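# Per-entry structural report
Take a look at the letters that make up each chain.
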There are 2 protein chains.
Amino acid sequence: MRNILDELVKRNHSVTVLVSEASPSVDYNNSRHATKFNFLVYKVPFSKSYLHGLTEELINFSMFEWHHSSMLKKILWSHDWTTRSIDVLMRQCDSMFKDEQLMATLRDSKFDAVLLDPVTICGDLVADILNLPLIISLRLSLGGVIERHCGHAPAPPSYVPAAPLPYSDHMTFVERLINTVTYVSLSAMTDMFWRLRLDKYYTEVKGSPTSYCGTLGKADLWFIRTFWDIETPRPIPPNFKHVGGLHCKPANQLPADMEEFVQSSGDAGVVVVSFGSMVTNFTTETADVIAVALGQIPQKVIWKYKGNKPKTLMSNTRLYDWIPQNDLLGHPRTRAFVTHGGTNGLYEAVYHAVPMVGIPLFADQPDNIARLSRRGAAVVLDLNTMTSDMLRQALHDVINQPGYKSSIQHLSNVHRDQPVAPLSTAAFWVEFVMRHGGAPHLRLASHELNWFQYHSLDVAAALLVVLMITGALCWAGIRCFLLRCRRGRREKND
Amino acid sequence: MRNILDELVKRNHSVTVLVSEASPSVDYNNSRHATKFNFLVYKVPFSKSYLHGLTEELINFSMFEWHHSSMLKKILWSHDWTTRSIDVLMRQCDSMFKDEQLMATLRDSKFDAVLLDPVTICGDLVADILNLPLIISLRLSLGGVIERHCGHAPAPPSYVPAAPLPYSDHMTFVERLINTVTYVSLSAMTDMFWRLRLDKYYTEVKGSPTSYCGTLGKADLWFIRTFWDIETPRPIPPNFKHVGGLHCKPANQLPADMEEFVQSSGDAGVVVVSFGSMVTNFTTETADVIAVALGQIPQKVIWKYKGNKPKTLMSNTRLYDWIPQNDLLGHPRTRAFVTHGGTNGLYEAVYHAVPMVGIPLFADQPDNIARLSRRGAAVVLDLNTMTSDMLRQALHDVINQPGYKSSIQHLSNVHRDQPVAPLSTAAFWVEFVMRHGGAPHLRLASHELNWFQYHSLDVAAALLVVLMITGALCWAGIRCFLLRCRRGRREKND
């Protein structure tokens, strides 16, 4: 999202960021940001640390408890966590909509378009209330429910795996069965949840019957932050634009000390290790498993890690609180990337053609890494069963077996070979919406149908009735004919 | 198609055109062409005039007999004409495949890709036999059967009208009913026809079980020669590229005498009249109706017409055998375009923002013109009931009522506002396929499924069985429980 906003500012547009004071991701006090964007910050009755705590809870449960929890516990925990998250999001919405000065400012500002990620709610309702064109930027939703139900993007269960399943588009019968059941149950659950919680709230705020999905469905454009090099090819509505990898760019110069360390690796090169910005530390045992493996390879290692320094850490490995990941992955000495499989890092590795060792933690990460592994560009390890030896061997393989490099190079070639770069595509379409006040020519008319019209159920019913009447008439005709025949024969016999 | 080939030559590619000596559309003797393209011409056992006659027959029946023919006659005629056309196409294929020298040349030429319009058959089979990437360029097929069945592009009958129906994407219940029946019957008819005729032939040539649709379905890319400004928005596979209007370009200078005539129109301006290249003359009555109307308007008129000069023709109207249509439509003095509604002219009019009077003759023309009429950019007239007065009035309206001009101007703005121009898009993707030997990352995996897997019928059946067994077990359990209860009560009573 930041990348699109930066690009819009670069193109001389004025960008206003609407954000709650408790936002854990938007640093509205940063002076460098304040000169670029206008911030509209509204008060909320909870703190940044409360939101942060919710995220921590999700990560901890997903990483450490999910595997050995019963299905019942998983469901109960998910329900509880989701309920609390939605509650806090609704309180955030309330604070926004009840802030009359804020709403007046929004109304008076005469914006050209609203850009949002549906990871939070209500942004679409703001666009709707202000009667502004809406652009959605989305990585994915669980089971693709938002894309399918609200964006009307088809996802045939026979060849498009549902979002959390690490299947390819060539599924076995059993996989297709599980996939279909996953789609149906996730659809039903989410739909019920939307109806019971969000639709009620949206209707309350708007003052007329309004649905969450219907409001999202008004979007003029959907930016999907994946691309066909990794994403499963599927039919998409014309207003879906796949812009995966829009944040990738050629590498900049590294900080001097880091560059020196990288250069010291010589021909052996460097391995970059990062588990993303959300996971900050591991258990001592896990950290040791990783540190020992890294200590055994001939490469120098740059590991983004905020936890305590493992005692087993060797001199070839340096820990950093933060790394310029894109610049490191684009460095000519970089040989491999150890990653949790978050989309951002993954696209950077594809862009710079760096083979990977994936250690997925939760969410879409197992699926992401599985996609690269199937394409021969990554080795997957399981954090819970991984040994130092396995990690060392995996790194040895992706660095020394030429297949991994050539596979990722092919993906990189395909990814870079687009008529317009993803970031320019996104910026073009934002500007298009601003120029024309929307993009109705790209929007499916299905959004104006209700569900039984959309699925042609009324037509099917009508055809069935016609068929039954025709059948009945034919049957009556044949019966009449037979009766007459019989009577004729009887009369003849008489 | 020519436009793509020209662009490829401009980009320094070598283009070979494989054509039968009887081709009515490719002028392989033209020296201007011969310097640009390599022609591979093969002999066929029929003449150019025979092929031309088939087209003439189609036009004459569609224009003059279709309206007052019974459904039975229409079906019989269509069946007869299609059978003869397919026969001649198969004879053409035979001549090609049995020309061993030709096939050897094709094999030895080591082409990078095959580009074809499925208006004829066998080109896909050539690509398949030579094991070359295939690119399809298509305007549309009847009922979208080729796009739907062979390209796996979804077309939900609830909001995507079937190709010959002039419906919008907002259909009434009855329209949706007719649309669904049209889809189903066209699908069934075409599918049967393919199975009985083409699949047998393809299997024969290939020497192993091969289907027409399956061979087309191997295509890496599909260029669809429409765009969302006019086309109904619908979900598309990632390997479908909409390149409608790729032939449109800024106007060139007109020939001197024509420019002089156009300039002589003054502020009143010019009206351009063309019924395309296929229809060359009308009945005397029709020609008179048109000539009289054109004679009554204050504009000068340029009419592309090869028939006898109507006696009623006035001095403001000039007849031409051929006109530089794109240059005329792009001329600042041009006020309106009288057209039969062929896609090419229509996109030129959209590109240059010229409002239209549409007099559709047959095929997709009524639908094309209806789309522009619904968008307020054209008036539609019926050739069979049209009077001079109606045509005069229609021209007066589109020229003098500002709504028509502003509507077509809006369409033109949207059409021109694309990140990459349609011709560049087409050329880019041809070159992409040449660079990478195909574009498998854009192709749906559904092509590898058979029809019941594709529609998840096996999964549905399995789920149904599971559901039934579960139901039976539940019922057995309840029954057992009730029996035991009853027995318990009886024992108690005893």
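Residues numbered from 1 in each chain as written. Chains lettered and ligands numbered in written order. Predicted model: local features only at pLDDT ≥ 70, side-chain atom pairs only at ≥ 80, totals over all residues. Heavy atoms only, no water.

### Thoughts on the state of the cysteines
Counted by the stated rule, this structure contains 4 disulfides over all chains. Covalently, Cys150(A) is tied to Cys213(A) through a disulfide, its sulfur atoms 2.1 Å apart. Taking the sign of the torsion about the S-S bond as the criterion, the disulfide between Cys150(A) and Cys213(A), at about -100°, is left-handed. You can see Cys150(A) sitting in helix α7 (residues 145-150) and its partner Cys213(A) sitting in helix α9 (residues 212-216), a full 63 residues away along the chain. Side by side, Cys150(A) and Cys213(A) carry an identical accessibility label, which is buried. When the bonded cysteines of chain A are counted from the start of the sequence, the pairing works out to 1-2, 3-4. Cysteine Cys474(A) is unpaired, with the sulfur of Cys480(A) as its nearest cysteine sulfur at 13 Å. For the unlinked cysteine Cys480(B), the closest cysteine sulfur is that of Cys485(B), found at 9.9 Å. (Disulfide = S-S within 2.5 Å. Helix = DSSP H or I, 4+ residues; strand = E, 2+ residues; numbered from the N terminus. Buried < 20%, exposed > 50% of the residue type's maximum accessible area, 1.4 Å probe, protein only.)

### Points about the sheet that holds strand β6 (residues 240-242) of chain B
Residues and elements named next belong to chain B. Pairing is parallel across the open sheet formed by 4 strands, whose spatial order is β3-β4-β5-β6. One side of each edge strand has no neighbouring strand; the edge strands of this open sheet are β3 (114-116) and β6. Here the average twist between neighbouring strands, direction ignored, is 20°. With respect to the sheet, helix α6 (residues 123-130) is in contact with β3 and β4 (134-138), its orientation differing from that of β3 by roughly 170°. (Pairing = 2+ DSSP bridges. Axes fitted to C-alpha atoms, helices over the stretch in contact; angles between N-to-C directions. Contact = heavy atoms within 4.5 Å.)

### Quick notes on the nonpolar core
Ranked by size, the top nonpolar core spans 102 residues in total, and within it Phe223(A), Phe97(B), Ile121(B), Trp222(B) and Leu372(B) carry the most contacts. Looking at which element gives the most residues to this core, the answer is helix α4 (residues 71-98) of chain B, with 9 residues. Ignoring anything within four residues of it in the chain, the contact list for Ile121(B) reads Leu89(B), Met90(B), Cys93(B), Leu198(B), Tyr202(B) and Tyr212(B). Among the nonpolar cores identified, the runner-up in size contains 100 residues, and Ala22(A), Cys93(A), Trp222(A) and Trp429(B) belong to it. (Core = buried A, V, L, I, M, F, W, Y, C linked by side-chain atoms within 4.5 Å.)

### Here we look at the pairing of strand β7 (residues 270-274) of chain A
As a general feature of sheets, a regular strand has side chains that alternate between the two faces. All names here are of chain A. Of all 5 residues making up β7, 5 are buried, and the element is well covered by its neighbours. The alternating pattern of β7 places Val270, Val272 and Ser274 and Val271 and Val273 on opposite faces, both of which are buried. Direction of pairing for β7 relative to strand β8 (residues 300-304): parallel, over a ladder of 5 bridges. From the neighbouring strand, Val272 faces β8, where its bridge partner is Ile302. Examined bridge by bridge, β7 and strand β10 (residues 334-339) share 5 bridges and lie parallel to one another. Bridging across to β10, Ser274 finds its partner in Thr339.

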